[in-house]
Amino acid sequence: MKNIIERKEYSRSQFTEADILADPFAQFASWFHDAALAALAVADAAHLATVDNNGHPDGRIVLLKGFDDRGLVFFTNYESTKAAQLKANPFAAVTIYWPELERQIRVRGAVEKTSREESQAYFSSRPRGAQIGAWVSMQSKPIKDRVTLDDAYRAKEQEFIDEEIPCPQNWGGFRLVPNNFEFWQGRDNRLHDRFAFHLKNGSWQRQRLAP
Ligand SMILES: Cc1cc2nc3c(=O)[nH]c(=O)nc-3n(C[C@H](O)[C@H](O)[C@H](O)COP(=O)(O)O)c2cc1C
């Protein structure tokens, strides 16, 4: 086998017991703060892993739109493949990778829908084009061609002309409620720093893991 990309060392930083915070939510917020300060090309994209009815894993990127002490929020179509998988199996794993900071965060937990009010509030903050897009896209369903999509967009645009666009019933947020976090900082010689948090009887247990 031939390497397709040149080998890279991870030597930018370190992450030790002296650095890590006791509360994984605070640690998550702190790393997001660093990501914001570093003005990364993309800081909010996360891989979302779900499991289908047959127990087979699936994955895709979503944008994290919110985070607080309840969990991580993303928005999507409630009739999409991921939503069907989350209905059948309401657990997920989110993985974030920031190459510029040589950091990875993994979060696992149960997933629940956000309240309609939360979904509406976020929907109303979206640009108008994205709002119309949410109405038009029957996400994950087969469509005949691109023209069908573009025609549907123009028709909806006309339908809502001069009107506030309501949040579609089949569109909204999910919140991943964490029971596991892992923070990974790349280090030299592949001896990376890894800290895992696991929720046990209502309190967070922390362990350093071998890389
Ligand atoms: C950078 C990026 C951001 C994305 N953000 C979202 C998102 O926030 N919500 C969403 O439903 N899909 C988003 N997508 C599209 C998903 O990756 C996926 O194609 C779509 O949600 C359908 O997935 P599903 O068929 O598994 O439901 C994004 C894709 C990329 C590459």
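Residues numbered from 1 in each chain as written. Predicted model: local features only at pLDDT ≥ 70, side-chain atom pairs only at ≥ 80, totals over all residues. Heavy atoms only, no water.

Remark: a regular strand shows side chains that alternate across the two faces of the sheet. Two strands pair when backbone bridges link them, and strand β5 (residues 91-98) and strand β6 (residues 103-113) are joined in this way by 8 bridges, in the antiparallel orientation. Across the sheet, the residue bridging to Ile-96 is Ile-105, located in β6. Connecting the antiparallel pair β5 and β6 is a turn made up of 4 residues, with Glu-102 showing a positive phi of about 55 degrees. The pairing of β6 with strand β7 (residues 171-185) spans 11 bridges and is classified as antiparallel. Within β7, the residue paired with Glu-112 across the bridge is Arg-175. (Pairing = 2+ DSSP bridges. Helix = DSSP H or I, 4+ residues; strand = E, 2+ residues; numbered from the N terminus.)

It is worth spelling out unusual backbone geometry at this point. The phi dihedral of Ser-140 falls on the positive side, at around 80 degrees, and the residue is not glycine. Residue position: Ser-140 is located in the loop between α4 (128-136) and α5 (146-159).

The next point concerns the side chain of Arg-175. As for its position among the elements, Arg-175 is in strand β7. Take Arg-175: its relative accessible area is 4%, and that puts it in the buried class. Polar contacts involving the side chain of Arg-175 include one to the side chain of Glu-118, which spans 2.4 Å. With sequence-adjacent residues up to four places away left out, Arg-175 is seen in contact with Asp-68, Arg-70, Gly-71, Leu-72, Val-73, Ala-110, Val-111, Glu-112, Thr-114 and Glu-118. (Buried < 20%, exposed > 50% of the residue type's maximum accessible area, 1.4 Å probe, protein only. Polar contact = N/O pair within 3.5 Å; in protein donor to acceptor, adjacent residues only side chain to side chain. Contact = heavy atoms within 4.5 Å.)

The next subject is the pattern of salt bridges. In this structure the tally under the stated criterion is 15 salt bridges. Among the salt bridges present, the one from Asp-151 reaches Arg-154, with a minimum N-O distance of 3.0 Å. Of this pair, Asp-151 and Arg-154 both sit in helix α5, separated by 3 residues, roughly a single helical turn. Residue classification places Arg-154 among the partly exposed residues on the basis of a relative accessible area of 47%. Its salt-bridge partner being Arg-208, residue Asp-193 comes within 2.9 Å of it at the nearest N-O pair. In this pair, Asp-193 sits in strand β8 (residues 193-200) while Arg-208 sits in strand β9 (residues 203-208), placing the two residues 15 residues apart along the sequence. Since its relative accessible area comes to 40%, Arg-208 is described here as partly exposed. Ionic contacts of the salt-bridge type, sharing partners, join the residues Glu-17, Arg-187, Asp-193 and Arg-208 into one network. (Salt bridge = Lys/Arg side-chain N within 4 Å of Asp/Glu carboxyl O.)

This brings us to the packing of aromatic side chains. Counted by the stated rule, this structure contains 21 aromatic pairs. Here the aromatic rings of Phe-25 and Phe-67 are separated by 5.8 Å at their centres, their planes lie at 20 degrees, and the arrangement is stacked. In this pair, Phe-25 sits in helix α1 (residues 24-37) while Phe-67 sits in strand β3 (residues 66-68), placing the two residues 42 residues apart along the sequence. When its relative accessible area of 13% is taken as the criterion, Phe-25 is described as buried. Taking relative accessible area as the criterion, Phe-67 reaches 28% and is therefore assigned partly exposed. Geometrically, the ring pair formed by Phe-181 and Trp-204 is edge-to-face, given 5.5 Å between the ring centres and 65 degrees between the ring planes. Taken together, the residues Phe-181 in strand β7 and Trp-204 in strand β9 connect sequence positions 23 residues apart. Owing to a relative accessible area of 23%, Trp-204 belongs among the partly exposed residues under this scheme. A connected cluster of aromatic rings, assembled from ring pairs, spans Phe-15, Phe-25, Phe-28, Trp-31, Phe-32, Phe-67, Trp-98, Phe-181, Phe-183, Phe-195, Phe-197 and Trp-204. Against the face of Tyr-10 rests Lys-8, its NZ or CZ located 4.3 Å from the ring centre. (Phe/Tyr/Trp six-rings, centres within 6.5 Å; stacked < 30°, edge-to-face > 60°. Lys NZ or Arg CZ within 6 Å of the ring centre and 35° of its normal.)

Where burial is concerned, most of β7 is hidden: 13 out of the 15 residues are buried. Sheet analysis places strand β4 (residues 71-77) next to β7, joined by 6 bridges and oriented antiparallel. Following the sheet pairing, Asn-77 is matched in β7 by Trp-171. Pairing between β7 and β8: 6 bridges, direction antiparallel. Bridged to Asn-180 within β8 is His-198.

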